[in-house]
Amino acid sequence: AQKVTQAQTEISVVEKEDVTLDCVYETRDTTYYLFWYKQPPSGELVFLIRRNSFDEQNEISGRYSWNFQKSTSSFNFTITASQVVDSAVYFCALSERWDNDMRFGAGTRLTVKP
Amino acid sequence: EPEVTQTPSHQVTQMGQEVILRCVPISNHLYFYWYRQILGQKVEFLVSFYNNEISEKSEIFDDQFSVERPDGSNFTLKIRSTKLEDSAMYFCASRALVGMNTGELFFGEGSRLTVL
């Protein structure tokens, strides 16, 4: 079964700092999909990004960037110039090709202080 | 923008009572899910549903739980006899058929269940 580890339970930064959230995954499947979701204080789960296992190209979307490295089984998420509105719990998740579920890591609570 | 809707947003019940949580997935989606999140903890997979039957379920989804798609639009989660430890936020999600298990899940806003 797949497994997702987010070793950082909580991170606190000051506004405008860059911050990287780590995600390490385990899977025996050669085809899999990685995701990041944001859970703001209001509680909903907001999709941020999907990455396929056969596409290791890094992605940038505004202040957000993702670094996918199969060699280290990592899919890290960096927020550049953090803002107070980035304060949330961020979850990394994994779906394997032949399993019809998505498994989440334990989440990292990010607090951005003004 | 289409969204997953869940009702009720909050339900308080007595231990041993039956609870039904309702979800309306996005209309052209084919895969449906329930997840739960105990306060402050991780989001845990409960069950997935496709083609009118359960396709995967976790060890949490025991005989006390059941799911149903009664009318082609609603997707329900029933807890037969609630326990204190069932208190959690329950999220419904749906996914379009985009290749094989490739698409992201779209989540509802959750139903908070409090068991007293």
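Refer to the structure presented above.
Residues numbered from 1 in each chain as written. Chains lettered and ligands numbered in written order. Predicted model: local features only at pLDDT ≥ 70, side-chain atom pairs only at ≥ 80, totals over all residues. Heavy atoms only, no water.

Caption draft 1: Structural detail: the overall build of chain A. When helices and strands are counted, chain A shows 0 helices and 12 strands. Listing the helices and strands of chain A from first to last along the sequence gives β-β-β-β-β-β-β-β-β-β-β-β. At 14 Å, chain A has a C-alpha radius of gyration in line with the 13 Å of a compact globule built from 114 residues. The dimensions of chain A, computed from C-alpha atoms along their principal axes, are 45 × 25 × 20 Å. (Helix = DSSP H or I, 4+ residues; strand = E, 2+ residues; numbered from the N terminus. Rg over C-alpha atoms; globule rule 2.2 N^0.38 Å.)

Caption draft 2: Layout of the packing of aromatic side chains. Applying the stated criterion across every chain yields a total of 23 aromatic pairs over all chains. With a centroid separation of 5.8 Å and 80° between ring planes, the pair formed by A:Phe68 and A:Phe75 is classed as edge-to-face. Aromatic side chains A:Phe104 and B:Phe107 sit 6.0 Å apart centroid to centroid with 70° between the ring planes, which places their arrangement in the edge-to-face category. Of the two residues, A:Phe104 is situated in strand β11 (residues 103-104) and B:Phe107 in strand β10 (residues 106-107); the pairing between them involves two chains. One Lys or Arg, B:Arg95, reaches over the ring of B:Tyr31 and ends 4.1 Å from the middle of that ring. (Phe/Tyr/Trp six-rings, centres within 6.5 Å; stacked < 30°, edge-to-face > 60°. Lys NZ or Arg CZ within 6 Å of the ring centre and 35° of its normal.)

Caption draft 3: Molecular detail of the interface of chain B and chain A. Each partner contributes to the interface: chain B provides 22 residues, whereas chain A provides 22 residues. Both faces considered, chain B and chain A share a buried interface measuring about 1900 Å² in area, 54% of it formed by carbon and sulfur atoms. Summed over the shared surface of chain B and chain A, the number is 1 salt bridge. Salt-bridge contacts for A:Arg50 lead to B:Glu104; the nearest nitrogen and oxygen are separated by 2.4 Å. (Contact = heavy atoms within 4.5 Å. Buried area = accessible area lost by both parts, 1.4 Å probe. Salt bridge = Lys/Arg side-chain N within 4 Å of Asp/Glu carboxyl O.)

Caption draft 4: The arrangement of the sheet that holds strand β8 (residues 75-79) of chain B in detail. Residue and element names in this part refer to chain B. The 4 strands are arranged β1-β3-β8-β7 in an open sheet whose pairing can be described as antiparallel. Of all strands in the sheet, those bounded by a partner on one side alone are β1 (5-7) and β7 (65-68). Sheet twist, expressed as the average angle between the axes of neighbouring strands with direction ignored, equals 20°. Pairing between β1 and strand β3 (residues 19-24): 3 bridges, direction antiparallel. Across the sheet, the residue bridging to Thr5 is Val24, located in β3. (Pairing = 2+ DSSP bridges. Axes fitted to C-alpha atoms, helices over the stretch in contact; angles between N-to-C directions.)

Caption draft 5: Quick look at the pattern of salt bridges. In the structure shown here, the tally under the stated rule is 6 salt bridges over all chains. The network of salt bridges with shared partners includes A:Arg51, A:Asp55 and A:Glu59.

Caption draft 6: Representation of unusual backbone geometry. With an omega dihedral of -10°, the bond running from B:Thr7 to B:Pro8 counts as a cis peptide bond. Considering the arrangement of structural elements, one finds B:Pro8 in the loop between β1 and β2 (10-13). A positive phi angle is found at A:Ala81, which is not glycine, with a value near 50°. Under the relative-accessibility criterion, A:Ala81 is labelled partly exposed at 31%. (Buried < 20%, exposed > 50% of the residue type's maximum accessible area, 1.4 Å probe, protein only.)

Caption draft 7: Up close: the state of the cysteines. Residue and element names in this part refer to chain B. According to the stated counting rule, one finds 2 disulfides over all chains in the structure shown. One disulfide bridge connects Cys23 with Cys92, the sulfur atoms lying 1.9 Å from each other. The disulfide joining Cys23 to Cys92 has a torsion of about -65° about its S-S bond and is therefore left-handed. Residue Cys23 is found in strand β3, and its partner Cys92 is found in strand β9 (residues 88-95); the two are separated by 69 residues along the sequence. (Disulfide = S-S within 2.5 Å.)

Caption draft 8: Structural detail: the pairing of strand β12 (residues 108-113) of chain A. All names here are of chain A. Of the two faces of β12, the one holding Thr108, Leu110 and Val112 is buried and the one holding Arg109, Thr111 and Lys113 is not buried anywhere. Both strand β2 (residues 10-14) and β12 contribute to a ladder of 5 bridges, which runs parallel. Within the sheet, the bridge partner assigned to Ile11 lies in β12 and is Leu110. Two strands pair when backbone bridges link them, and strand β10 (residues 88-96) and β12 are joined in this way by 3 bridges, in the antiparallel orientation. Along β12, the bridge assignment pairs Tyr90 with Thr108.

Take it as geometry only, folks, not as evidence of what the structure does.
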